[in-house]
Amino acid sequence: MPTTTTSRVELKIPGRPEFISVARLAVAAVAARMGFDYDDIEDLKVATGEALTNAIQDAQSRGVAAGEDIVVICALCERELVIEVRDKGSGFDPERRRQAVEQDELQEGGLGLLLIEALCDKVEFETKPDSGTLVRMTKRLADS
Amino acid sequence: MGKPVDVDVSSERLGGHIAVLRIGGEVDLYTTPQVKEEVLALIDGGVRRLVVDLSNTEYLDSTALGALVGALKRLREHDGDLRLANPQPRIRKLLEITRLAKVFEVRDSVAQALEGWDEQGATA
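Residues numbered from 1 in each chain as written. Chains lettered and ligands numbered in written order. Predicted model: local features only at pLDDT ≥ 70, side-chain atom pairs only at ≥ 80, totals over all residues.

> Help me understand the overall build of chain B, please; the structure alone is not making it clear to me.
Counting its regular elements, chain B contains four helices and six strands. Taken from N to C terminus, the helices and strands of chain B fall in the order β-β-α-β-β-α-β-α-β-α. Referenced to the eigenvectors of the C-alpha coordinate spread, the extents of chain B come out at roughly 40 × 30 × 25 Å. Across the 124 residues that make up chain B, the buried fraction comes to 46%. (Helix = DSSP H or I, 4+ residues; strand = E, 2+ residues; numbered from the N terminus. Buried ≥ 20, exposed ≤ 12 C-beta atoms within 10 Å, placed from the backbone.)

This is how it looks when you write it as structure tokens:
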């Protein structure tokens with residue numbers, strides 16, 4: 001987390017598809033409060049939704065039917081919003097997913113990562129065997 | 001939880017093998033199955049040329065885009081086609097990022113999307 005964090009909003013949701021929109025709305029509300037414009041708020045909603053979709057689909061592929069909790073943390077910094085999505089997943093190889101999309105334009109999966117990276121200013125992925133997967137997305141406030 | 005209320009999916013057969021699928025609201029991992037179900041029913045029912053009307057689609061995620069790609073592939077297997085009509089600027093942006101704007105034919109209205117498709121549609 002950046003040292004300039006001024007406030008922090010944490011949300012824990014069940015890792016089930018019907019809760020993705022709840023997190024999207026929460027992130028949109030935080031971004032609006034910070035002064036992000038409409039387009040940037042929509043970008044953040046999509047990026048957050050995609051990170052959660054990844055996490056839930058990963059859990060489903062591991063046979064976790066009930067859905068493990070996913071934590072969404074919004075760190076409000078002076079000129080940027082950092083959103084972390086943490087789950088208990090085993091992680092994935094971003095490079096491999098990128099290549100799959102590039103090799104086949106009719107690829108049905110893997111588009112989420114493309115969206116996250118295009119819509120945020122900075123994206124980091126961390127996977128640790130004991131703490132799961134973390135996607136950290138940063139969006140900077142446009143100069144006013 | 002019951003049926004998702006975030007999305008409104010309906011379709012209209014126009015005769016021949018042509019149909020218009022209207023998607024209103026938000027389509028994400030939760031609601032995409034409804035879209036998939038409707039598309040499959042249309043294709044199983046003989047539709048080969050499909051216009052997806054996105055005029056009232058407020059939100060579309062990667063799973064929804066994947067479902068549309070799947071529908072296009074399936075229709076092409078039957079010499080059919082799928083066109084997108086009137087996506088809002090936000091959705092157009094997502095189509096550009098994912099390079100799907102080049103995969104799908106995107107038209108400004110349903111009427112324009114139907115242009116060139118005669119009433120017979122493609123031969124099944």
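> Any chance you could explain the overall build of chain A here in plain terms?
Helix and strand counts for chain A stand at four helices and five strands. Listing the helices and strands of chain A from first to last along the sequence gives β-α-α-β-β-α-α-β-β. For chain A, with 144 residues in total, the buried portion stands at 39%. The contacts of chain A with a sequence gap of at least 6 include a subset with a gap of at least 24, amounting to 67%. (Contact = placed C-beta atoms within 7 Å.)

> Where do I start with the environment of Arg62(A) in this structure?
Residue and element names in this part refer to chain A. Looking at the element boundaries, Arg 62 is found in the loop between helix H2 (38-61) and strand E2 (70-76). The class of Arg 62 is exposed, set by 12 C-beta atoms lying within 10 Å. Residues Arg 62 and Ala 75 lie 13 residues apart in sequence; the distance between their C-alpha atoms is 30 Å.

> Even after reading the chapter, I still don't get the interface of chain B and chain A, so can you show me in this structure?
For an interface, size is often stated in terms of accessible area lost upon the parts coming together. Tallying the contact residues gives 20 residues for chain B and 19 residues for chain A. Of all elements in the fold, only helix H2 (62-77) and helix H3 (89-97) of chain B reach the threshold of two or more residues within the side of chain B that touches chain A.

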